[in-house]
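# Chain and residue survey
So the chains spell out like this:
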Amino acid sequence: MQHRVGVEALALAVPHRFLDLEDLARARGIDPAKFTQGLGAKQMAVPDPGEDAPALAATAAKRALAASGIDVSRIGMVIVGTETGVDHSKAVASYVQGMLKLPRTVRTFDTQHACYGATAALHTAAQWIASGASHGKAALVVGADLARYGLKTVGEPTQGGGAVAMVVSDSPDLLELDFGVSGVDSLDVHDFWRPVGRREALVDGHYSIRCYLDALTASYTDWKQQALSRELVRKGDTLVSEQLARIAYHVPFCKMARKAHAQLRRVDLQERRGGKAWDEQAEAEEAPKLAASFETQVAPTLPISARVGNAYTASLYLGIASMLNLQAPSLVGKRVGLFSYGSGCTSEFFSAVVADKAVARIAAANIEDILAARERIDVEEYERLMGLASDAPLPTAPAPGTFRLEKIQEGRRIYAAG
Ligand code: CAA
């Protein structure tokens, strides 16, 4: 089962305001080091009601189409992974089709399973293409979300938002998937959830971290068996996880990637120890190797997440964007590991190879310019924005090349293009 399929181009969109987490910590009477070192975060995106999931999705999608240069008549499917949709019936993908004036000959739908939605969309698109049913057409896959826990909650410093859009095709100029090699794990748990009608998520924070790490252990073990049998990696002196040039994890807050990486290495190391219990000596021997491996394999995936916070379905894909934006020239031809986690929970560990046009493709996404154009706000303004009703968008004109929710009439959402 060898198919050439993956990401042809990628682009992102983020809310145009951000809050510095040291400012938030001081306002809450918390040591800023808890947020910056304890959670590994610097800033978080603060959306206003005009920057909802469809607006961010359409802005990112417009940029991804421009970055790929694809003729829109070649798009045959639009899938939006989101857990912050705006209608029980109408798909965010349908709003994206409308805003981008895509042809009627597209299939549009959303995928939902917490932060895993965009990964479900990516694999659905890849399988459609690999099956031949796409007849050479490409898919537009978007992850778009706003992470909202509420003022003065335990999750407050782990809010954020953003969207990543990808053109998925049989010309994977950016990232070619190891098609058919995927480890999965699912379990019915309540670690994080948002009952219908609630704007803020409910979360059992420390339990959610345990669920994430258990899911990572199981899905990585599943991927590893398949990757070994396909000879993508091999057993030997180098740990299997070390054979991946970079590993991008789902990042609800940056420190989670550090916890995840420690767990991933422990899976490899425990296998090597042949079942011998993990003890203090093993931990002491591992600590410097873990620190070095984290700096090389994981740290380059985190800079965007450190600046926008959690973007739920988009988060893993912000990690891919970070890594390529920083290091694409040295990653061409190398294999990377990718871990997607959706609370509730389902997860997938998969891999891909950075393709030879990645340098030009990621440059076309203009990531630094997009982040640099944001405005820093203070805690008072953040609290004001958080208090605004979601159905009363501010009368702000959209910046050139972006979309904003303009008004809602009898539930119909009207968007303005800048
Ligand atoms: N200086 C430096 N570090 C400090 C510190 C200080 N003054 N004070 C505390 N810390 C450290 C703590 O030691 C801790 O580090 P470790 O985790 O390495 O032990 C870290 O800061 C966090 O401290 P607490 O555990 O005390 O923090 P908390 O109780 O306030 O909760 C949280 C943290 C559970 C992540 C909470 O913010 C939360 O619930 N967030 C939302 C849920 C979430 O993101 N879960 C992640 C897994 S689920 C998922 O991935 C899906 C998704 O997107 C939601």
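Quick note: structure is the one above.
### Points about the layout of surface pockets
Taken as a whole, the largest pocket holds about 1300 Å³ of empty space. Lining the largest pocket are 50 residues, with Glu83, Thr84, Gly85, Arg194 and Arg198 positioned closest to its centre. Contributions of two or more residues to the lining of the largest pocket are made by strand E3 (43-45), strand E6 (138-147), strand E9 (192-193) and helix H13 (379-387). Looking at the lining of the largest pocket, the element that brings in the most residues is H13, giving 3 residues. A breakdown of the residues in the lining of the largest pocket according to their chemical character gives 22 nonpolar, 14 polar and 14 charged. Here the second largest pocket is characterised by a volume of approximately 650 Å³. Every residue lining the second largest pocket is counted, 31 residues in all, and those nearest its centre are Val154, Thr158, Gly205, Ile209 and Phe253. With 5 residues, the single largest contributor to the lining of the second largest pocket is helix H6 (residues 205-229). The residue inventory of the lining of the second largest pocket, partitioned by class, reads 15 nonpolar, 10 polar and 6 charged.

### Some points on the packing of aromatic side chains
For the coordinates displayed, the defined rule picks out 8 aromatic pairs. Members of the aromatic cluster, connected to one another through ring pairs, are Tyr149, Phe192 and Tyr312. Between lysine 90 and the ring centre of tyrosine 95, over which it is positioned, the NZ or CZ distance is 4.6 Å. Between the NZ or CZ atom of arginine 258 and the centre of the ring of phenylalanine 294, over which it lies, the distance is 4.0 Å.

### Points about the side chain of threonine 313
Secondary-structure assignment places threonine 313 in the loop between helix H9 (303-308) and helix H10 (315-331). Judged by its relative accessible area of 1%, threonine 313 falls in the buried class. Here the side chain of threonine 313 touches alanine 144 through a polar contact of 3.2 Å, landing on its backbone nitrogen. When near neighbours in sequence (up to four residues on either side) are disregarded, threonine 313 contacts Gly81, Thr82, Glu83, Ala114, Cys115, Gly117, Ala118, Gly143, Ala144 and Asp145.

### Description of empty space enclosed by the protein
The full count for this structure, using the stated rule, is 2 cavities of 30 Å³ or more. Reported here for the largest cavity is a volume of approximately 60 Å³. The wall of the largest cavity is formed by Ala41, Pro157, Thr158, Val251, Pro252, Phe253, Cys254, Ser305, Ala306, Gly309 and Asn310. In the lining of the largest cavity, the residues fall into 7 nonpolar, 4 polar and no charged. There is about 40 Å³ of room inside the second largest cavity. Lining the second largest cavity are Ala262, Arg265, Arg266, Leu269, Trp278, Glu283, Glu286 and Leu290. Per-element accounting of the lining of the second largest cavity gives the leading share, 4 residues, to helix H7 (residues 254-272). Of the residues that constitute the lining of the second largest cavity, the class distribution is 4 nonpolar, no polar and 4 charged.

### Brief notes about the site of the ligand
Around the ligand sit 25 residues in total, of which Lys34, His206, Ser208, Lys255 and Lys259 are the nearest. At a separation of 2.8 Å, an oxygen atom of the ligand approaches a polar side-chain atom of lysine 34. With respect to the ligand, the side chain of lysine 255 contributes an N or O atom lying 2.8 Å from an oxygen atom. Comparing atom positions with the cavity grids shows the ligand to sit within the second largest pocket. Among the secondary structure elements, those contributing two or more residues to the shell around the ligand are helix H2 (32-38), H6 and H7. The biggest single contributor to the shell around the ligand is H6, with 5 residues. Partitioned by chemical class, the residues of the shell around the ligand number 12 nonpolar, 9 polar and 4 charged.

### Some points on the packing of helix H3 (residues 53-68) against helix H4 (residues 92-100)
At a minimum axis distance of 9 Å, the contact between H3 and H4 shows a crossing angle of 50°. As the angle between them shows, H3 and H4 are arranged oblique. In terms of crossing hand, the pair formed by H3 and H4 is right-handed. For the pair formed by H3 and H4, the contact residues are Ala53, Pro54, Ala55, Ala57, Ala58, Ala61, Lys62 and Leu65 on the first element and Val92, Tyr95, Val96, Met99 and Leu100 on the second.

Reading the values: rules and limits
Residues numbered from 1 in each chain as written. Predicted model: local features only at pLDDT ≥ 70, side-chain atom pairs only at ≥ 80, totals over all residues. Heavy atoms only, no water. 1 Å grid on protein atoms, 1.4 Å probe; cavity = no way out; pocket = protein on both sides within 12 Å on 5 of 7 lines; lining within 4 Å. Points joined across faces, edges and corners; volume = space filled by probe spheres on them. Helix = DSSP H or I, 4+ residues; strand = E, 2+ residues; numbered from the N terminus. Nonpolar A, V, L, I, M, F, W, Y, C, P; charged D, E, K, R; others polar. Phe/Tyr/Trp six-rings, centres within 6.5 Å; stacked < 30°, edge-to-face > 60°. Lys NZ or Arg CZ within 6 Å of the ring centre and 35° of its normal. Buried < 20%, exposed > 50% of the residue type's maximum accessible area, 1.4 Å probe, protein only. Polar contact = N/O pair within 3.5 Å; in protein donor to acceptor, adjacent residues only side chain to side chain. Contact = heavy atoms within 4.5 Å. Near = heavy atom within 4 Å. Sits in = over half its atoms within 2 Å of the grid points. Axes fitted to C-alpha atoms, helices over the stretch in contact; angles between N-to-C directions. Parallel < 35°, antiparallel > 145°, perpendicular 65-115°, else oblique. Left-handed = near helix turned anticlockwise from the far one by under 90°.

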